[in-house]
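Residue-level structural notes
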Amino acid sequence: MSENVASGSAAGPLRVGVIGVGMMGADHAERLAYRIANASLVAVADPDRSRAEELAARYPGVRVLDDALELIADDGVEAVLIASPGFVHTEQLLACIKAGKHSLCEKPLTMDAESSLQVLEAERANGRPLIQVGFMRRFDPEFAAMKRLLDSGELGRLLLVHNVHRNRDVPDTFRSEMIVRDSLVHEVDVCRWLFGEEIVEITVHSPLATSRAAAGVVDPQVAVFRMAGGGMATNEVFVKCGVGYEVRCEATAELGNATVGLGSGVLVRSANRWGGTVPDDFRVRFAAAYDEEVQAWVDGSRRGEVTGPTVWDGYASTVVCEAGMESLGTGRPVKVVLS
Ligand code: ISE
């Protein structure tokens with residue numbers, strides 16, 4: 001990382017490299033190129049080189065590097081956005097820490113508790129925070145307003161949270177464990193964040209599966225979290241719901257309740273019907289959240305700080321999901337033990 005960024009007095013735009021240009025990486029590349037202030041997209045890397053070249057050709061001055069580790073080591077790259085699959089995150093995060101570069105890492109932080117702990121300890125040993133984890137819901141204007149309301153104390157103590165998380169469809173390769181690790185992980189983060197407490201126990205129930213579910217896949221799932229202070233959360237995750245992308249969260253507190261995700265778009269009345277539209281996927285529903293998230297990461301990185309979800313948040317959510325995957329097999333509660 002260049003001296004001026006490391007010392008927190010970045011003069012020019014933050015030069016960002018993106019690893020992985022699949023659905024999310026391509027989306028982030030576009031926002032870095034056009035919408036994020038004080039940042040410039042300078043390099044991309046993807047195991048599918050032609051995909052990387054095709055993306056780079058859309059933006060002037062973006063280099064295609066041979067692989068992720070080369071991008072991380074490149075002197076022209078000051079900070080790294082990691083949008084590669086979770087199973088390569090450990091190696092890439094450790095390389096970013098070694099290079100002293102800030103990274104924004106898409107969830108999950110890593111695939112299991114052991115490797116997440118390894119990353120957490122490497123960042124600690126390095127002496128300063130460098131990693132922000134891509135829990136974008138914290139940046140969604142509705143979720144952020146709900147958090148402020150709960151923190152204000154106006155509704156009294158938070159007792160319960162009810163989450164609904166539905167994807168229109170996923171490929172049949174998206175197995176039951178992935179529903180926990182890649183989808184439910186968002187509810188894990190939302191509940192830890194809203195309650196301001198750790199999850200101490202998780203139970204994952206397997207209700208009747210949709211006939212659209214691939215053979216052997218538990219979809220939908222219902223997960224129950226018990227929080228350290230005794231509060232609870234219920235979570236429906238349904239990845240082949242067939243409708244569209246729906247994320248709702250209702251918080252029940254002692255003096256009232258609050259709900260986000262009811263759909264604030266335009267309501268249309270026509271031909272004896274009324275209603276709005278359901279977004280197709282998370283890139284649409286959370287577009288503003290992703291913009292805020294990446295802007296906060298760029299601003300923090302230029303000051304040499306991490307202001308969003310930390311490596312501890314990533315580690316804690318991995319541990320909860322690992323316990324969730326154990327519970328998925330038995331339907332029994334599994335204790336969550338953090339180091
Ligand atoms: C995906 O990776 C996401 O992060 C989405 O927000 C989530 O809705 C989806 O289920 C995941 O596969």
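Residues numbered from 1 in each chain as written. Predicted model: local features only at pLDDT ≥ 70, side-chain atom pairs only at ≥ 80, totals over all residues. Heavy atoms only, no water.

As a matter of local geometry, the ligand sits amid Lys107, Met136, His165, Asn167, Phe174, Asp182, Ser183, His186, Tyr245 and Phe282. The separation between an oxygen atom of the ligand and a polar side-chain atom of Tyr245 is 2.9 Å. In the complex, the protein chains occlude 87% of the 300 Å² of accessible area that the ligand would expose alone. When residues in the shell around the ligand are grouped by element, the largest group, 3 residues, is from helix 8 (residues 176-195). Considered class by class, the residues forming the shell around the ligand number 4 nonpolar, 4 polar and 2 charged. (Near = heavy atom within 4 Å. Polar contact = N/O pair within 3.5 Å; in protein donor to acceptor, adjacent residues only side chain to side chain. Areas by Shrake-Rupley, 256 points an atom, 1.4 Å probe, with all protein chains shown as cover. Helix = DSSP H or I, 4+ residues; strand = E, 2+ residues; numbered from the N terminus. Nonpolar A, V, L, I, M, F, W, Y, C, P; charged D, E, K, R; others polar.)

With that out of the way, let us pick up a negative patch on the surface. Where like charges cluster on the molecular surface, the negative patch consists of Asp112, Glu114, Glu322 and Glu326. For Glu322, the position within the fold is in helix 11 (residues 311-330). For Glu322, a relative accessible area of 37% gives the class partly exposed. (Patch = residues over 30% accessible without salt bridge, like charges linked within 9 Å, V, L, I, M, F, W, Y side chains within 5 Å. Salt bridge = Lys/Arg side-chain N within 4 Å of Asp/Glu carboxyl O. Lys, Arg positive; Asp, Glu negative; His and termini not counted. Charge placed at Lys NZ, Arg CZ, Asp CG, Glu CD. Buried < 20%, exposed > 50% of the residue type's maximum accessible area, 1.4 Å probe, protein only.)

A word on the packing of helix 2 (residues 23-34) against helix 10 (residues 287-303). Their axes nearest at 11 Å, the elements helix 2 and helix 10 cross at an angle of 65°. Compared by their axis directions, helix 2 and helix 10 come out roughly perpendicular. Helix 10 is crossed by helix 2, and the crossing has right-handed handedness. On helix 10, the residues touching Met24, Asp27, His28, Arg31 and Leu32 of helix 2 are Ala287, Tyr290, Asp291, Glu293, Val294 and Val298. When grouped by side-chain class, the residues that make up the contact of helix 2 with helix 10 number 6 nonpolar, 1 polar and 4 charged. (Axes fitted to C-alpha atoms, helices over the stretch in contact; angles between N-to-C directions. Parallel < 35°, antiparallel > 145°, perpendicular 65-115°, else oblique. Left-handed = near helix turned anticlockwise from the far one by under 90°. Contact = heavy atoms within 4.5 Å.)

Our next topic: the packing of helix 6 (residues 113-126) against helix 11. For any two helices packed against each other, the geometry comes down to the angle between their axes and how far apart the axes lie. Between helix 6 and helix 11, whose axes approach to 9 Å, the crossing angle comes to 165°. In terms of orientation, helix 6 and helix 11 fall into the roughly antiparallel class. Once helix 6 is placed against helix 11, the crossing between them reads as left-handed. Within the contact between the two elements, helix 6 uses Ala113, Ser116, Leu117, Val119, Leu120, Glu123 and Arg124 and helix 11 uses Val311, Trp312, Gly314, Tyr315, Thr318, Val319 and Glu322. In the contact of helix 6 with helix 11, the residues fall into 8 nonpolar, 3 polar and 3 charged.

Pairing within the open sheet is parallel, and its 6 strands lie in the order 3-2-1-4-5-6. This sheet does not close on itself; its edge strands, each paired only once, are strand 3 (63-64) and strand 6 (131-133). Where strand 5 (residues 102-105) and strand 6 come together, 3 bridges link them in parallel fashion. If you follow Leu104 over to strand 6, its bridge partner there is Gln132. (Pairing = 2+ DSSP bridges.)

Let us look at the nonpolar core. Among the nonpolar cores identified, the biggest contains 76 residues, and Leu194 and Phe225 are the most heavily contacted of them. Per-element tally for this core: the top contributor is helix 8, with 10 residues. Sequence-distant contacts of Phe225, defined by excluding residues within four places in its chain, comprise Leu184, Glu187, Val188, Cys191, Ile199, Glu201, Ile202, Gly231, Met232, Ala233 and Asn235. (Core = buried A, V, L, I, M, F, W, Y, C linked by side-chain atoms within 4.5 Å.)

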